[in-house]
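# Architecture at a glance
In case you want the letters, here they are:
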Amino acid sequence: MTNSENGTRHDEGVEQKTETAGAADDTATPGWGEGAAAADAERLAALEADNAELKDRVLRAAADMENLRRRTEREIRDARQFAVAGFARDMLGVSDNLSRALQAIPAEVRDGADSGFKSLVEGVEMTARSMLSALESHGVRKLEPKGQRFDPNFHQAMFEVPNAEIPANTVVEVVQDGYAIGERVLRPALVGVSKGGPKAPVEPASAGADEATRDA
């Protein structure tokens, strides 16, 4: 066998090995691509899950901060409104004493008194009005229960008045004025209530509230 024939066979063997290796590479490539795609999909799913969790945390934190802001604003508002509650309650006692002093003066004495005494009485009346006006400027309001249905949250019943013409549990007399600041009672009104009359009708506002409760 000549050297040229040996060279030719050697070249053919090299080409076959090269083709075989190429075929092997072609066979391995699809499997590698599928594995990489699956890994990418897993990483993407993990990132999406992390993103959803972080978004949920941010939304919860924002909601908590909003609730905290509203609660703080309400507490500040209540603190400002009710800070004078104790002082206002004490001043109501002073106002009551002024009113009692004026009521203790008989009408004939007031009418027949000299100018100095009349000026003194007018000064006491002005002081009483000024004190109530100052309390009102700080949110204190006088309760006006007469003719209204008895409310144990704002009224304190002292006695009952038989009356078949007035709906039962209606305030017919006020013994002592009551006061409130905002929705908080400083002092309940001391009242007399009717009994023996027809049942009090349901107020429209209460009926509307019941309907709203049912709708909710």
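Residues numbered from 1 in each chain as written. Predicted model: local features only at pLDDT ≥ 70, side-chain atom pairs only at ≥ 80, totals over all residues. Heavy atoms only, no water.

Looking at an unreviewed UniProt entry, one finds the protein named Protein GrpE, with Aureimonas altamirensis DSM 21988 as its source organism. UniProt, in its Subcellular location (unreviewed entry) section for the protein, records the words "Cytoplasm". Database annotation for the protein, UniProt heading Subunit (unreviewed entry): "Homodimer." (UniProt positions renumbered as here; feature names shortened; annotations may be inferred.)

### Description of the packing of helix H2 (residues 85–103) against helix H4 (residues 115–137)
If you want to describe how two helices pack, look at the angle between their axes and the distance between the axes. Across the interface, H2 lies against H4 with an axial gap of 10 Å and an inter-helix angle of 155 degrees. Relative to H4, the element H2 is oriented roughly antiparallel. Handedness of the H2/H4 crossing: left-handed. Between H2 and H4, the residues in contact are Ala 88, Met 91, Leu 92, Val 94, Ser 95, Leu 98 and Leu 102 and Val 121, Val 124, Glu 125, Thr 127, Ala 128, Met 131, Leu 132 and Leu 135, respectively. (Axes fitted to C-alpha atoms, helices over the stretch in contact; angles between N-to-C directions. Helix = DSSP H or I, 4+ residues; strand = E, 2+ residues; numbered from the N terminus. Parallel < 35°, antiparallel > 145°, perpendicular 65-115°, else oblique. Left-handed = near helix turned anticlockwise from the far one by under 90°. Contact = heavy atoms within 4.5 Å.)

### Details of the sheet that holds strand S3 (residues 171–176)
Sheet architecture is open: 3 strands sit in the order S2-S6-S3, paired in mixed fashion. Each end of this open sheet is capped by a strand with a single partner; those strands are strand S2 (155–162) and S3. Neighbour-to-neighbour, the strand axes of this sheet turn through a mean angle of 30 degrees, independent of strand direction. Pairing of S3 with strand S6 (residues 189–195), which is carried by 4 bridges, proceeds in the antiparallel orientation. When the sheet's bridge partners are listed, Val 174 is paired in S6 with Val 191. (Pairing = 2+ DSSP bridges.)

### Quick notes on a nonpolar patch on the surface
On the surface, Met 158, Phe 159 and Val 175 cluster together into a nonpolar patch covering about 260 Å² of accessible area. As for its position among the elements, Met 158 is in strand S2. (Patch = residues over 30% accessible without salt bridge, like charges linked within 9 Å, V, L, I, M, F, W, Y side chains within 5 Å. Areas by Shrake-Rupley, 256 points an atom, 1.4 Å probe, with all protein chains shown as cover. Salt bridge = Lys/Arg side-chain N within 4 Å of Asp/Glu carboxyl O.)

### A closer look at H4
For an α-helix, 3.6 residues make a turn, and residues three or four places apart therefore share a direction. A rise of 1.5 Å per residue sets the reference length of H4, with its 23 residues, at 33 Å; its end C-alpha atoms lie 32 Å apart and thus fit the reference within 8%. Along H4, the residues that are buried comprise Val 121, Ala 128, Met 131 and Leu 135. Those residues of H4 that are buried are in contact with H2, helix H3 (107–112) and strand S1 (140–142). Gly 139 lies just past H4 and shows a positive phi near 95 degrees. (Expected span 1.5 Å × (residues − 1). Buried < 20%, exposed > 50% of the residue type's maximum accessible area, 1.4 Å probe, protein only.)

### A few points about H2
With 19 residues, H2 ought to run about 27 Å at 1.5 Å a step, and its terminal C-alpha atoms sit 27 Å apart, in line with that. Within the sequence span of H2, burial applies to Ala 85, Ala 88, Leu 92, Ser 95, Asp 96, Leu 98 and Leu 102. Taken end-on, H2 shows its buried residues confined to a sector of 165 degrees, consistent with a single buried face. Seen from the buried face of H2, the exposed residues on the opposite side, beyond 90 degrees, are Phe 87, Asp 90 and Asn 97. (Arc of directions from axis to C-beta.)

### Structural notes on the pattern of salt bridges
If you walk through the whole model with that rule in mind, you get 9 salt bridges. Notably, a salt bridge pairs Asp 56 with Arg 60, separated by 2.9 Å at the nearest N-O pair. Linking Asp 56 with Arg 60, this pair stays in helix H1 (residues 3–82), spanning 4 residues, or about one helical turn. When the shortest N-O distance is used, the salt bridge between Arg 187 and Asp 96 registers 2.3 Å.

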